[in-house]
Each structure stands twice: as structure tokens, then as C-alpha cells.
Amino acid sequence: GNIYTPHPLPKDEDMVNTFTAISQSTFVLHNSGVVDACGRNDHGQLGDGTNIDSSYSSNIGASIPGMENNVVLVGKGPSSHSGFFYTDRGYMYATGLNADGQLGLGDFEDRNVPTRIDAFRQSDDVIEIGTAVSHTLSLGEHVTGTFSPTTTP
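Just so you know, these numbers come straight off a predicted model, no measurement behind them. (Residues numbered from 1 in each chain as written. Predicted model: local features only at pLDDT ≥ 70, side-chain atom pairs only at ≥ 80, totals over all residues. Heavy atoms only, no water.)

### A short note on the sheet that holds strand β4 (residues 54-57)
- In space, the four strands of this open sheet follow the order β1-β2-β3-β4, with antiparallel pairing throughout. Every other strand in the sheet has two partners, leaving β1 (16-22) and β4 as the edge strands with one partner each. Within the sheet, the average angular offset between the axes of one strand and its neighbour, ignoring direction, is 15 degrees.
- Where strand β3 (residues 35-39) meets β4, two bridges bridge the pair, whose relative direction is antiparallel. Across the sheet, Ala37 pairs through a bridge with Ser57, a residue of β4. (Pairing = 2+ DSSP bridges. Helix = DSSP H or I, 4+ residues; strand = E, 2+ residues; numbered from the N terminus. Axes fitted to C-alpha atoms, helices over the stretch in contact; angles between N-to-C directions.)

Here is the structure:
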């Protein structure tokens, strides 16, 4: 469908917790921990397994072990082409543009499915994830370090 035309969200008992926007893409986090997505997907930033723009992708982490229905925080940033998802189990997942290593996965390969960042220390203290076109930051009480191939500024 046309990603520039408004589309209603399906009505159900799972209320929307928050909307999060990145560059030309949007994530919808439901109270149940389910994440839906829509918009541009040229780098796989929607995390639906494709690189095709979408007017609505439902439950993008459903088949990812550890991510299914467990997301509590979604990263945001107006210039980002990457999606970040933090779970109630303390794991961080990333998808999308990775040209500068901004996914924190140790390489420069784009992803079109959420991939767990193994270098990220399991923690329940992440309160914010800030994303940009070439870097990502997370804020939390016990979150420290720089993940290869990125470097400390």
C-alpha cells in the first residue's frame, strides 16, 4: 500500500503504549510488548524480513527468540534508518542501516530482521535509546562501553 496515506490501526484489546518515529518510518509499541511498524524500509529498518516499504507490518519480533511480545522500549531519532528494541529480559535488538556499525553488531552489514546485540550487557536499567543516521546511544544506570566496530568519540 501507499505509505504516505494514513491507515487505521486494527482495533483490538491490546492498547497502544507509544508511537516512535525514525526517518520516514514509525514503530507502534503495544502494552503487550508487541511492536508493529510502517513506512520506509530501504535498509530493513522495519525489521519485517524485507526491504520493501510497508503501510503496516504486524508484530515484527514475533519469530525472534527472546524478543517475541517482550519489547518495553523502542529507540527513536529523526534521522535514523535503524530500529532498536529493548526487552523486559534486558536484551537489545537492532535492525536496519549499519554502514557505520551503528547497530553494534560488530560489522557493517545492514539487517532486515531484529538481531540481538550480544555485546550489550543484559540490564534492566535502560531508560532511553537515541538513534541517528550514523550512531546510537543508550542511557541507563549500568549501561557502559562502546561496541565494535564503533569507537569512543
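Picking up after the structure, the text goes on.
### Points about the pattern of salt bridges
- Taken as a whole, this structure holds six salt bridges when the rule is applied.
- With a shortest N-O distance of 3.3 Å, Arg40 and Asp42 are connected by a salt bridge.
- Taking the relative accessible area as the measure of exposure, Arg40 reaches 24% and is therefore partly exposed.
- A salt bridge links Lys76 to Glu128; its shortest N-O distance comes to 2.7 Å. Note that Lys76 is positioned in the loop between β5 (71-74) and β6 (82-87) and Glu128 in strand β9 (residues 126-131), a separation of 52 residues in sequence.
- On the basis of relative accessible area, Glu128 is assigned to the partly exposed category, the value being 30%.
- Several salt bridges share partner residues, and in doing so they unite Arg40, Asp42 and Asp53 into one network. (Salt bridge = Lys/Arg side-chain N within 4 Å of Asp/Glu carboxyl O. Buried < 20%, exposed > 50% of the residue type's maximum accessible area, 1.4 Å probe, protein only.)

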